[in-house]
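The residues making up each chain are set out below.
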Amino acid sequence: MTNGVDKQISLESASAYFHNGMSLMIGGFGGVGAPPTLVNLILEKDIKDIFLISNDTGFPWIGPGKLITEKRVKKLIASHIGSNPEAGKQMQEGSLKVEFVPQGTLAEKIRAGGMGLGGILVDVGLGTVVGANKDKVTVGNKEYMIEPALTADVALVYAKKADRYGNLIYDKSARNTNPLVATAGQITIAEVEEIVPVGSLDPEEIVTPGVFVDYIIQSKGVDWKWVWELKQGTGSQEGQPSK
């Protein structure tokens, strides 16, 4: 190993960073690109009262949606919850507090947090109920709302390949919010499909430098392939038998 650095740890070791009431940021979009092995680990360890930050709530049985379905989340910041009826149900019942943030604004709030900035200036929602309680500032004769940056106690991402230092390569659209999320955790853990020795990756293909990643774990496989066609509870494509 270069400089003796090896960030691969066991699932049991990773679980030491999870605790009740933690703030948790998870990468993914519609469940695709979310880290299923780590999500399942949180469920297995009976972690609850989570403050979840994610682009969305996936599906009830895929991605961060599992945490919603099992009622492990107390507060949520997301851009939408439409693909997960359970999230809407809990919100209406009052058991889940939801803060909606426009998708672009949410991405930039996470990016700001990862880069150590205090927040961003936006005009989306200005003059509406969204901006009612926001601090505002005028720059260049134009008014903006101040949106605070977002970080989390723990950030979880999924990558296709990593070296043992934690340099990450993503798989096409499964990349989505993962590079942003990887920068914004006090502790960042990457679930990885393939782990290779340091020096094996083409530097031009690396998206997330290992300096942002604290630990990596070996994935047990994803649950979101063909996610839009999967039938709940079967793991098979609509009209096709499970293989």
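Note that the structure is a prediction, hence the values are computed from the model and not measured.

It is worth spelling out the overall build of the chain at this point. When its secondary structure is counted, the chain shows 6 helices and 11 strands. A globule of 243 residues ought to have a C-alpha radius of gyration of about 18 Å, and the chain, at 18 Å, matches this closely. With respect to the three principal axes, the spread of C-alpha positions in the chain is 55 × 45 × 35 Å. Restricting the contact set of the chain to residue pairs at least 6 apart, pairs at least 24 apart contribute 70%. Accessible surface computed for the chain: about 11,800 Å², of which carbon and sulfur atoms make up 50%. Side-chain charges of the chain comprise 24 positive and 28 negative groups, with the mean position of each set lying 3 Å from the other.

Attention now goes to the environment of Val-5. Counting through the fold element by element, Val-5 comes out in the segment before α1 (11-15). For Val-5, a relative accessible area of 27% translates into the label partly exposed. For the pair Val-5 and Gln-218, spaced 213 residues apart in sequence, the C-alpha to C-alpha distance is 17 Å. Beyond its immediate chain neighbours, meaning those up to four positions away, Val-5 contacts Arg-164 and Tyr-165.

All right, on to the sheet that holds strand β7 (residues 142-148) then. In spatial order, the strands read β5-β7-β6; together these 3 strands make up an open sheet with antiparallel pairing. Unpaired on one side and paired on the other, β5 (119-122) and β6 (136-139) mark the two borders of the sheet. Here the average twist between neighbouring strands, direction ignored, is 40 degrees. Strand direction decides the pairing type here: β6 and β7, joined by 4 bridges, are antiparallel.

Here we take up the packing of aromatic side chains. Here the structure, examined in full by the defined rule, presents 2 aromatic pairs. Ring centres of Phe-59 and Trp-61 lie 5.6 Å apart, and the angle between their planes is 55 degrees; on these two criteria the pair is classed as tilted. Looking at Lys-7, its charged tip hangs above the ring of Tyr-165, at a distance of 4.0 Å from the centre. In this structure, Lys-75 packs its charged tip against the face of Phe-51, placed 4.8 Å from the ring centre.

Grouped together as the largest cluster of nonpolar side chains are 29 residues, with contacts concentrated most on Phe-18, Leu-24 and Ile-42. With 5 residues, the single largest contributor to this core is helix α2 (residues 36-44). Residues contacting Phe-18, with those up to four places away along its chain left out, are Leu-38, Leu-41, Ile-42, Ile-47, Val-154, Leu-156 and Ile-189. Core analysis: the next-biggest nonpolar cluster, separate from the first, contains 23 residues, Ala-159, Ala-162, Ala-184 and Val-192 among them.

Calculation rules
Residues numbered from 1 in each chain as written. Predicted model: local features only at pLDDT ≥ 70, side-chain atom pairs only at ≥ 80, totals over all residues. Heavy atoms only, no water. Helix = DSSP H or I, 4+ residues; strand = E, 2+ residues; numbered from the N terminus. Rg over C-alpha atoms; globule rule 2.2 N^0.38 Å. Contact = heavy atoms within 4.5 Å. Areas by Shrake-Rupley, 256 points an atom, 1.4 Å probe, with all protein chains shown as cover. Lys, Arg positive; Asp, Glu negative; His and termini not counted. Charge placed at Lys NZ, Arg CZ, Asp CG, Glu CD. Buried < 20%, exposed > 50% of the residue type's maximum accessible area, 1.4 Å probe, protein only. Pairing = 2+ DSSP bridges. Axes fitted to C-alpha atoms, helices over the stretch in contact; angles between N-to-C directions. Phe/Tyr/Trp six-rings, centres within 6.5 Å; stacked < 30°, edge-to-face > 60°. Lys NZ or Arg CZ within 6 Å of the ring centre and 35° of its normal. Core = buried A, V, L, I, M, F, W, Y, C linked by side-chain atoms within 4.5 Å.

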